[in-house]
Structures are given as C-alpha cells and as structure tokens.
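# Structure at a glance
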Amino acid sequence: MANRHPEHNIVSREEWLSARLELLAAEKELTRQSDALAQRRQELPWVRIDKEYLFDTDEGTASLADLFKGRSQLLVYHFMFGTDYTAGCPSCSMIADGFNGFSVHLANHDVMLWAVSRAPLAKLQAYKQRMGWEFPWASSGGNDFNADFNVWFTEEQQRAGVDYNYQREKRFEWRQGQEGGGQAAEDKFAAMCGTDTPTFHRDRPGMSTFVLEDGVVYHAYSAYARGLDSLWGVYQWLDRAPKGRNERQGVWWRRHDEYAQR
C-alpha cells in the first residue's frame, strides 16, 4: 500500500524496484537511440573551409589549422564573451567548469578542445585565471569566425531578426526589466557580464567540430541552444536528482566563485 507524500508517492522496496525496472527499460532504449544519433552525427558530410581565420592565443597568432595542435579533430566551444563584456557568460562558465577537467583526456585521444570568444585575449586570460581553468582559449575578435558560425550578430542584424539554431528568429525587442521567462534571465545575465541586454544577446552559445586531413580543414558539425544540453554536465546530474532541475525560482546559478560560502 502506497503512502502519500505532499509531492510524491511513498512505497515499499519491492514496489520501488518494479517501477525502477520499468524506467530502466526506457533508459536503455534512450541509450540505444543516443548511440544511433551519435552515429548519424559522424556520418554527416563535411564542408571544406577555405577561408582564413587568424586567432589570438597564448602562443601568438594561430590559424584554424594551428588549433588542432597535431590532432586530426577539433572541438570548439563558442563561449559567450563579447568584446564589451566585463566577464564571461555565467551559463557558458558553468559548462566550461565541466569540460575544463576532461580536455586533457581529449587531447590524448586525437581531439583538441578549445573555447573561442570575441573578447580580446587579455580579457580571456584574466577571466581564465580567475576561474582557475586550464583549457586553451582563443580570441576571434579580429576575424569573422563567430559570425560565420552563427554565434555573433551585428546590431543591424539583431534589429531585423537573425538565423540562429537553424531557424529564423523574430527581431529583438529592446525591452528590459520584465518579470519572468527568458527575458528576465537575459537581463540578469547581461548585468552579470557588465553590459546591457541587447549587447549581451548578440553573442550566442554553440559548439562546432572540425576535421584536419592532408592540411585541409573541414567543418563537420555545429549545435546551438538546447542542442548543448547534453554538454552541460551539471544538468546531467540534476536530471537524476530527486527534484530534477528544480528551476521554479528561475535562474539559480552563479559563477563558481560567486556562491556564498556554506
């Protein structure tokens, strides 16, 4: 006999096990679907990159091919850190907290992972030191890389409506301070980055992958918006927590050095 909890059922161990096994079957099916989807990603056709991009890095000016550092594969996280930001995007920062730890493993498996942002290299270096990160981070402020891969837009484009995440967005409305929803979150994040909401909104998150063969770079894959969910390590853990993402109070996260000590 199940007891009632204000928000959940309380059952015997045997009843729990029965429900868990039913869920396990669904989880296994999702795993199989995920494996098949990964295979389809790897089977996508490639696009040759003939345009030259020069980045500012800790080692000096580098081409896109240079970012591979002898590997055949390159993963780029398009980190939201615009030229007018005073600090990196809090959401991108949480994602970076996750991949900072495993980038060394990728580098030893023929895969380089870089963050790329439009902010000047000096800003990126200072923020990287503040966050205690070790992954390589390049500035694309002097080239069209972010614009070409649909993670940065001009004010003129923003006012007309942009193509992001493979769909056309409506024009950006110049409004701030409204309660609830994504607008309130963007207002908050813009303030945390030391800028206004329209400026914050011109840079977008994303990830792109590239292949280097016989000296030629090819674009293989890009994902944006909710397509990055599976890369956001915190959410993979929260999705397994009893209360899930538990975001009824809206945006809850901060940069890891901004939480009150507990």
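Residues numbered from 1 in each chain as written. Predicted model: local features only at pLDDT ≥ 70, side-chain atom pairs only at ≥ 80, totals over all residues. Heavy atoms only, no water.

## Re helix H3 (residues 121-131)
How we decide: For every residue, the accessible area (1.4 Å probe, protein chains only) is compared with the maximum for its type, and the residue is labelled buried under 20%, exposed over 50%, or partly exposed between those bounds. Each helix corresponds to a stretch of at least 4 residues labelled H or I by DSSP, and each strand to a stretch of at least 2 residues labelled E; elements are numbered beginning at the N terminus. Arc, as used here, means the arc of the directions from the helix axis to the C-beta atoms. Contacts are assigned to residue pairs that have any heavy atoms within 4.5 Å of one another.
Every buried residue of H3 is accounted for by Leu 121, Leu 124, Tyr 127, Lys 128 and Met 131. Buried residues along H3 cover an arc of 130° about the axis, so they all sit on one side. Those residues of H3 that are exposed and aimed more than 90 degrees away from the buried face are Ala 122 and Gln 129. Residues of H3 that are buried in the fold lie against strand E4 (54-57), helix H2 (90-107), strand E7 (111-117) and strand E8 (137-139). The positive-phi residue at the C-terminal boundary of H3 is Gly 132, with phi of around 75°.

## Regarding the pattern of salt bridges
Filter applied, for reference: Should a side-chain nitrogen of Lys or Arg be within 4 Å of a carboxyl oxygen of Asp or Glu, the pair is scored as a salt bridge.
In the structure shown here, the tally under the stated rule is 18 salt bridges. Across the pair Arg 226 and Asp 229 runs a salt bridge whose closest N-O atoms are separated by 2.8 Å. Arg 226 sits in the exposed class, given a relative accessible area of 63%. In this structure, Arg 245 and Asp 239 form a salt bridge, with 2.8 Å as the shortest nitrogen-oxygen distance. A residue is classified by how much of its surface remains accessible, and Arg 245, at 24% relative accessible area, is partly exposed. In this structure Asp 239 comes out as partly exposed when scored by relative accessible area, which is 39%. The network of salt bridges with common partners includes Arg 130, Arg 255, Asp 257 and Glu 258.

## Some words on the side chain of Asn 100
Threshold: Two N or O atoms count as a polar contact when they lie within 3.5 Å, although within protein this holds only if one can serve as hydrogen donor and the other as acceptor, and sequence-adjacent residues are included solely when both atoms are side-chain atoms.
Secondary-structure assignment places Asn 100 in helix H2. A polar contact of 3.4 Å, which involves the side chain of Asn 100, links it to the backbone nitrogen of Phe 135. Contact partners of Asn 100, with chain neighbours within four places excluded, come to Gly 132, Trp 133, Glu 134 and Phe 135.

## Digging into the pairing of E7
Just so we agree on the cut-off: If the strands point away from the viewer and the path from the first strand over the helix to the second runs clockwise, then the crossover is right-handed.
With seven of seven residues buried, E7 is to be regarded as a mostly interior element. Alternating positions in E7 separate into two faces, Val 111, Leu 113, Ala 115 and Ser 117 on one and Met 112, Trp 114 and Val 116 on the other, with burial throughout. For the crossover that starts at strand E6 (residues 73-78), traverses H2 and ends in the parallel E7, the hand is right-handed. Considered for its hand, the β-α-β crossover made up of E7, H3 and E8 is right-handed.

## Considering the packing of aromatic side chains
Filter applied, for reference: The aromatic pairing rule takes the rings of Phe, Tyr and Trp, using the six-membered ring of Trp, and pairs them if the centres are within 6.5 Å, calling planes under 30 degrees apart stacked, those over 60 edge-to-face and the rest tilted.
For the coordinates displayed, the defined rule picks out 29 aromatic pairs. With 5.4 Å between their ring centres and 85° between their planes, Tyr 53 and Phe 145 make a pair best called edge-to-face. Here Tyr 53, found in the loop between strand E3 (47-49) and E4, pairs with Phe 145, found in helix H4 (residues 145-148); they are 92 residues apart in sequence, far enough to count as distant. For the pair formed by Tyr 53 and Phe 145, the shared burial category is buried. Arranged with centres 5.7 Å apart and planes meeting at 35°, the rings of Phe 189 and Trp 253 form a pair that is tilted.

## Focus on the environment of Glu 258
Within the secondary structure, Glu 258 sits in the segment after helix H8 (233-238). Look past the residues within four positions of Glu 258 in its chain and what remains in contact with it is Arg 130 and Met 192. At 3.1 Å, the side chain of Glu 258 forms a polar contact with the side chain of Arg 130.

## Thoughts on the confidence of the model for the protein chain
So the rule is basically this: Confidence of the predictor in every single residue is expressed as pLDDT, which spans 0 to 100.
Here the protein chain shows a mean pLDDT of 91. Residues at 70 or above account for 93%. Across residues 176-181 the pLDDT falls below 50, and counting only partners more than four positions away or on other chains, this stretch makes nine contacts in the model.

## Concerning unusual backbone geometry
Negative phi characterises most residues that are not glycine, and trans characterises most peptide bonds. Despite not being glycine, Asn 150 has its phi angle at roughly 60°, a positive value. Looking at the element boundaries, Asn 150 is found in the loop between H4 and helix H5 (155-160). Look at Asn 150 and you get partly exposed, because its relative accessible area is 30%. The backbone of Asp 214 sits at a positive phi, close to 55°, despite the residue not being glycine. Tracing the backbone shows Asp 214 in the loop between strand E11 (206-213) and strand E12 (216-224). Taking the relative accessible area as the measure of exposure, Asp 214 reaches 81% and is therefore exposed.

## Focus: the nonpolar core
Counted only if it meets this: Put simply, buried Ala, Val, Leu, Ile, Met, Phe, Trp, Tyr and Cys residues joined by side-chain atoms within 4.5 Å make one nonpolar core.
The biggest cluster of nonpolar side chains holds 34 residues, and the ones touching the most others in it are Tyr 77, Phe 79, Phe 81, Tyr 127, Trp 133, Trp 137 and Phe 200. Within the residue set of this core, elements represented by two or more residues are H2, E7, H3 and helix H6 (181-192). It is H2 that provides the largest number of residues to this core, a total of five residues. Apart from the residues within four sequence positions on either side, Trp 137 is in contact with Asp 56, Phe 79, Phe 81, Trp 114, Ala 115, Val 116, Ser 117, Leu 121, Leu 124, Tyr 127 and Lys 128.

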